[in-house]
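# Breakdown of the fold
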Amino acid sequence: KFNNILIDLNIVGYTPYLHSVLFRVYNLIDARFSMLVLCIKYIIKEMGLKTYTGETSFLNSFSWEMLIKAFLQDIIKPPILPKIIENSDQDVINVKFGKMFFNPKEESGGKSVRNFVNDMYNEKINVPIIDINKAKEIYNNSIKVKNKMPCSELLLKFLFFVIFIFKGDSIYINKS
């Protein structure tokens, strides 16, 4: 936290990068996804359920976005978002991974950023090839009946899902 701004740096995260690309594609496919995310983030903030690192025990923003994505893929009928990863071609790339977490505040025994980066290793992994054209193709092939539900109705259905189906007590996480 710096000047009341929470900053989360990730120097070795291919997975967060992949999720960012996916969320961008989902936003381009259907703007209702981003509108729902913004509405839910606002509601969470107003209810005092916003998670700051180490401060509360609620689902974080990323988890809420994943829950909305799953809701728009699997719960709403007909679905609004396609399953892009499952239907994408795969490519093999080299990704660097770190061996352990480091704590730059620890003077003795803590790994420095330089040691952390020097200790990284390469691994070949399969990743989906995601671009907007391929995503549109997947969308058109997998979602034959287009869902015309307005955002307001989707928001109410999502809240019903979280509160009564998913169960409200599931928004808490176990910090231990």
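Residues numbered from 1 in each chain as written. Predicted model: local features only at pLDDT ≥ 70, side-chain atom pairs only at ≥ 80, totals over all residues. Heavy atoms only, no water.

## Some thoughts on helix α5 (residues 132-142)
Of the positions making up α5, those classed as buried are K134, A135, I138 and Y139. End-on, the buried residues of α5 take up no more than an arc of 140 degrees, which puts them together on one face. Where α5 starts, the residue carrying a side-chain oxygen 3.2 Å from the main-chain nitrogen of N133 turns out to be D131. (Buried < 20%, exposed > 50% of the residue type's maximum accessible area, 1.4 Å probe, protein only. Helix = DSSP H or I, 4+ residues; strand = E, 2+ residues; numbered from the N terminus. Arc of directions from axis to C-beta. Polar contact = N/O pair within 3.5 Å; in protein donor to acceptor, adjacent residues only side chain to side chain.)

## Comments concerning the packing of aromatic side chains
Counted by the stated rule, this structure contains 8 aromatic pairs. Ring plane angle 35 degrees and centroid distance 5.7 Å describe the contact between F23 and F33, whose orientation is recorded as tilted. In this pair, F23 sits in helix α1 (residues 14-29) while F33 sits in helix α2 (residues 31-47), placing the two residues 10 residues apart along the sequence. Neither F23 nor F33 differs from the other in exposure class; each is buried. Centre to centre, the rings of F71 and F158 are 5.2 Å apart; their planes meet at 80 degrees, and the pair counts as edge-to-face. Of this pair, F71 sits in helix α3 (residues 61-75) while F158 sits in helix α6 (residues 151-165); the two residues are 87 residues apart in sequence, bridging distant segments of the chain. An aromatic cluster is present here, built from F23, Y26, F33 and F62 joined pairwise through their rings. (Phe/Tyr/Trp six-rings, centres within 6.5 Å; stacked < 30°, edge-to-face > 60°.)

## Let's talk about the side chain of N147
The residue N147 is located in the loop between α5 and α6 in this model. Of the residues examined, N147 reaches a relative accessible area of 8% and is grouped as buried. A polar side-chain atom of N147 sits 2.7 Å from the main-chain carbonyl oxygen of P78. Those residues in contact with N147 that sit more than four places away from it in its chain are R32, I76, K77, P78, P79 and I80. (Contact = heavy atoms within 4.5 Å.)

## Details of unusual backbone geometry
Leave glycine aside and you will find that most residues have negative phi; peptide bonds, for their part, are mostly trans. Following K77, the chain continues to P78 via a peptide bond in cis, the omega torsion being -10 degrees. Position of P78 among the secondary structure elements: in the loop between α3 and β1 (90-97).

## Considerations on the packing of α2 against α6
For the pair α2 and α6, the least separation of the axes is 10 Å and the interaxial angle reads 55 degrees. In terms of orientation, α2 and α6 fall into the oblique class. In the crossing of α2 with α6, the sense of the turn from one axis to the other is right-handed. Residues R32, M35, L36, C39, I40 and I43 of α2 touch α6, and the partners they reach there are C151, L154, L155, F158 and L159. Tallied by class, the residues present in the contact of α2 with α6 amount to 10 nonpolar, no polar and 1 charged. (Axes fitted to C-alpha atoms, helices over the stretch in contact; angles between N-to-C directions. Parallel < 35°, antiparallel > 145°, perpendicular 65-115°, else oblique. Left-handed = near helix turned anticlockwise from the far one by under 90°. Nonpolar A, V, L, I, M, F, W, Y, C, P; charged D, E, K, R; others polar.)

## Comments concerning α6
The periodicity of an α-helix, 3.6 residues per turn, causes residues three or four places apart in sequence to face the same way. Over its 15 residues, α6 extends 20 Å from the first C-alpha to the last, a length consistent with the 21 Å expected when each residue adds 1.5 Å. Of all the positions in α6, only C151, L154, L155, F158, F161 and V162 are classed as buried. When α6 is viewed along its axis, its buried side chains cluster within an angular range of 125 degrees and face the same direction. Along α6, the residues that are exposed and aim more than 90 degrees away from the buried face are L156, F164 and I165. (Expected span 1.5 Å × (residues − 1).)

## Notes on the pattern of salt bridges
A complete count under the given rule lists 5 salt bridges for this structure. Between K134 and E137 there is a salt bridge, with the nearest N and O atoms lying 3.6 Å from each other. Highlighted residues: K134 and E137, both in helix α5, separated by 3 residues, approximately one helical turn. Several salt bridges converge on common partners, so that one network encompasses D89, K134 and E137. (Salt bridge = Lys/Arg side-chain N within 4 Å of Asp/Glu carboxyl O.)

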